[in-house]
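Chain residues, written in single-letter form:
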Protein chains: 2
Amino acid sequence: MLPGIGVFGTGDIVQALVPFLRTKGFCVEAIWGRTLDAAERVASELNVKFYTNKVDDVLLRKGVDLVFIICQPDLHAQIAVKALGIGKHVLCDRPAGLCQLEVLKMVHAAQYYPTLISVISHGLRFLPAFIHMKRKITDGYVGKVNVCDIRVQCGSMIGSHFDWMCSQLMGGGVLTMIGSHIIDIISFVVGQRAVRVHGMMRTFTKGTDKINGIRWIDSDDFCTFQMILDKGACVTATLNTHIQGSFTQEIIICGTKGRLVVRGSSLFGCQSNSLKEELLYEDTQSPTTNFINNSLSKARLNSLLPNAYIQGLFRMVTALKDAFDSGESEQGWLKEPVSSAATFEDGQYVQAVIDAIKLSSSSRQWEQVMLAHEESELNPLMARLNLPNINQSSLEALSRASTSRVQVPKKGGSVESHLLWGFGSNKH
Amino acid sequence: MLPGIGVFGTGDIVQALVPFLRTKGFCVEAIWGRTLDAAERVASELNVKFYTNKVDDVLLRKGVDLVFIICQPDLHAQIAVKALGIGKHVLCDRPAGLCQLEVLKMVHAAQYYPTLISVISHGLRFLPAFIHMKRKITDGYVGKVNVCDIRVQCGSMIGSHFDWMCSQLMGGGVLTMIGSHIIDIISFVVGQRAVRVHGMMRTFTKGTDKINGIRWIDSDDFCTFQMILDKGACVTATLNTHIQGSFTQEIIICGTKGRLVVRGSSLFGCQSNSLKEELLYEDTQSPTTNFINNSLSKARLNSLLPNAYIQGLFRMVTALKDAFDSGESEQGWLKEPVSSAATFEDGQYVQAVIDAIKLSSSSRQWEQVMLAHEESELNPLMARLNLPNINQSSLEALSRASTSRVQVPKKGGSVESHLLWGFGSNKH
């Protein structure tokens, strides 16, 4: 039987995801929103019986065995760690957390409960174009990989209100939103990981017509970064959110023998002995695409979640269904259908690269990517990242500030602070 | 009357240029080649009466009043300085020289003879798409410029023999060949210059089927660089010569109010109030394009000089003709038609940026762009660039080595070394 699902988050993607989960046979048992108002509104729109603004109420709810954490990044780690701790499977949106320290806690939790499924929503891994690309690279189509050139162009990711997307400290910005997917998919298809990185991040649009008060946008709306991978390949990526009205993504992998290119969701290739690019996989109208097009306003999704990404996420959900369909054995759930999904360890790697790119952008030099096994190893990094008080009062204040446009019930306002990294004594 | 022309160089571009010069009414009086064989071969193919491998013989030749310096970059500066010194107009190919020190000597020579025309062959400035782009930016179409995103993709620039293109020390590589044009055109259209740069250069193809002896390729075949301009705009450029079989160039300028894009030789634009890109200038089949297509093998030119670049160069030649057509006045030649051409000062700026990008690629940090007025200011830079013996024995040896595949007449072998920066005493 498929597990019941608890969803954390009320954004546009949730409104796309819940109907899709249902078509796959999942039952959505509960929805959590940052405010009771938001939770109630979305629950009513999506016809979900239970809604709340209390994390525990979802996690402890009978019938919820799989949680989708698709809320603001500063809450990801704490919810994921608690969920695993009480035996729930977890799918966590990117970025896994705010910094490597947070994601390392998630990794440790996942390692402690190995029978549970714990994955990051890097759905591009499930897109056929990238699956074929990975296979071609393994088969030697491009030879030794030398250069990866990535360009993502889209419109502004800032909504009509000040929220976490506007704040770098809360995980907003094009590097965490788009760059995380890019960093993950490159390591996935090329089979190499970054050892050194360089980055330049900028916030050109610090205010909009609607966001022009005392709070300004400080999350990056432009980012270019370079990575040296562990077998010598060079990666350069440019993420530009100043291209209003379109979303284009091109990922080019050049090697000694040829090149492979994913444009949108289609794969092209060209080997050295030929001068003409051939179409290797064409993205046709899949049932998933049709579902997206039929049930959702394209414009609404494009802003934060372009077609290729949501397609990937939906295919990942389908793989999850296959995993659960097989039922529970002595070794736990059959993980094979989601074996190619990004694990929390992959999420930690992606976060380590993001941390290093942020460091590089301020230090103006190349930075090593440091992957920690123990939390204490991260102290120097945390100090350099200038995030000494993360998860503490400053961030809490920020979180509250960011939602101050909606009326927060007094009781609910302090819920998350009690829930940090473990069950608090108070049971609202 | 149009001045007679002396051409330095025997490459593919010369074979394209000479017929075009003739259609414009110029008379090509002399051709210089690195070896007498090469000079003779090209002179005979192009039906030029005088050929030589001695620089002075062209410069001192009666009837030569304008020299086109389109040979290997390590000879540019010395020929240009001498040419101006005896009152000849100069068009010099990019890169102007091997390092800023060389180009500064050229700048000083040009300043000393202000009535002479002295320009660098950055022909993109003469392409209508970029002229319109510059005008639109000045008119406020994009608002304040924030981001410039440039991507150039082409096949390998390495020929069938080891030559200066294979050697970084002799001015080869994608940064000097393509990057120089990009650096120039950005400063031209945006009206801002780089103050700090970051670069990553790589040579992935160190040998080919035909270049596999004791000498290896060390010029960059991949380069990504970032620049901070003096009014805060960010530039990122990726130059990739691993895309066999095509040449694509896209230059995107994003500002607070919209964006402009030059793809190939056409201009597109989109302002914030619209979501759809509009075609602002379409590259139609101009007489120049037709000339190129009719008279030359496209494949041959594409390798080193893509269509947009040669079109620009030809338009620049047309402007030169207009300048000379007006005749000589008391103030010298009418420079107005070539007033938008890149001066030697512009060439010095481009070279300063190239030097800083090279430094950055080895220092792995951002580097300031330093523009010198006196040669002595450049001592620290030269030491860091690791070019202490430039123009001296090591480079000479390299030059000779690079041409050792063709038979060099004994007498000719030492000509250039006598001609360094002034007329030597011996008159071969």
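Source: prediction; values computed, not measured.

## Digging into the packing of aromatic side chains
All names here are of chain B. Scanning the model with the defined rule gives ten aromatic pairs over all chains in all. Ring centres of Phe-20 and Phe-314 lie 4.0 Å apart, and the angle between their planes is 5°; this geometry places the pair in the stacked category. Taken together, the residues span a long stretch of sequence, with Phe-20 in helix H1 (residues 12-23) and Phe-314 in helix H10 (residues 307-325) at a distance of 294 residues. Both residues of the pair, Phe-20 and Phe-314, count as buried.

## Regarding the relation of the copies chain B and chain A
For the pair chain B and chain A, the relating rotation is 180°, the translation along its axis is 0.0 Å, and the fit reaches an RMSD of 0.0 Å. Within this description, the copies of the chain are treated as partners about a two-fold rotation axis. The position closest to the rotation axis in chain B is occupied by the C-alpha of Gln365(B), lying 2.1 Å away. Most of the interface of chain B is mirrored in chain A, where 100% of its interface residues are also at the interface.

## Some remarks on the pairing of strand S11 (residues 248-255) of chain B
Residues and elements named next belong to chain B. Burial within S11 is extensive, with seven of its eight residues counted as buried. Of the pairings in the sheet, the one linking strand S7 (residues 145-153) to S11 comprises eight bridges and is antiparallel in character. Paired with Arg-151 across the two strands is Glu-250, which belongs to S11. Here five bridges tie S11 to strand S12 (residues 258-263), and the two strands are oriented antiparallel to one another. Residue pairing for S12: Ile-253 is matched across the bridge by Leu-260.

## Observations concerning helix H7 (residues 174-190) of chain B
All names here are of chain B. Over its 17 residues, H7 extends 22 Å from the first C-alpha to the last, a length consistent with the 24 Å expected when each residue adds 1.5 Å. Where H7 bends most, at Ser-180, the angle is about 30°. Counting buried positions along H7 gives 17 out of 17 residues, so the element sits mostly inside the fold. Among the residues trailing H7, Gly-191 stands out with phi positive, at a value near 75°.

## Some remarks on the UniProt feature "domain: GFO/IDH/MocA-like oxidoreductase" (unreviewed entry) in chain A
In the numbering used here, UniProt assigns the "domain: GFO/IDH/MocA-like oxidoreductase" (unreviewed entry) feature to residues 131-260 of chain A. Strand forms 34% of residues 131-260 of chain A and helix 19%; the C-alpha atoms that close the span are 12 Å apart.

## What to know about the environment of Gly255(A)
Residue and element names in this part refer to chain A. Looking at the element boundaries, Gly-255 is found in strand S11 (residues 248-255). The buried category is assigned to Gly-255, whose relative accessible area is 11%. Residues Gly-255 and Ser-274, 19 residues apart in the sequence, show an inter-C-alpha distance of 14 Å. Residues within four places of Gly-255 in sequence aside, it is in contact with Val-142, Lys-144, Val-145 and Asn-146.

## Points about the domain arrangement of chain A
All names here are of chain A. Under the domain assignment, chain A is made up of domain 1 (4-124 + 309-343) and domain 2 (125-284). Between domain 1 and domain 2, the C-alpha centre-to-centre distance is 25 Å. Tallying the contact residues gives 21 residues for domain 1 and 22 residues for domain 2. Both faces considered, domain 1 and domain 2 share a buried interface measuring about 1,900 Å² in area, 63% of it formed by carbon and sulfur atoms. For the domain 1 face of the interface with domain 2, the top three residues by lost area are His-122, Leu-124 and Tyr-309, together amounting to 38%. One can count ten residue pairs in polar contact (both at pLDDT 80 or more) joining domain 1 with domain 2. Contributing elements (two or more residues each) for the side of domain 1 that touches domain 2: helix H4 (73-85) and helix H10 (307-325). Residue contributions to the side of domain 1 that touches domain 2 peak at six residues, all from H10.

Criteria and cut-off values
Residues numbered from 1 in each chain as written. Chains lettered and ligands numbered in written order. Predicted model: local features only at pLDDT ≥ 70, side-chain atom pairs only at ≥ 80, totals over all residues. Heavy atoms only, no water. Phe/Tyr/Trp six-rings, centres within 6.5 Å; stacked < 30°, edge-to-face > 60°. Helix = DSSP H or I, 4+ residues; strand = E, 2+ residues; numbered from the N terminus. Buried < 20%, exposed > 50% of the residue type's maximum accessible area, 1.4 Å probe, protein only. Least-squares fit on C-alpha atoms with pLDDT ≥ 70 in both. Contact = heavy atoms within 4.5 Å. Pairing = 2+ DSSP bridges. Expected span 1.5 Å × (residues − 1). Bend = angle between axes of the 7 residues up to and from the residue. UniProt positions renumbered as here; feature names shortened; annotations may be inferred. Domains from an automatic or database assignment. Buried area = accessible area lost by both parts, 1.4 Å probe. Polar contact = N/O pair within 3.5 Å; in protein donor to acceptor, adjacent residues only side chain to side chain.

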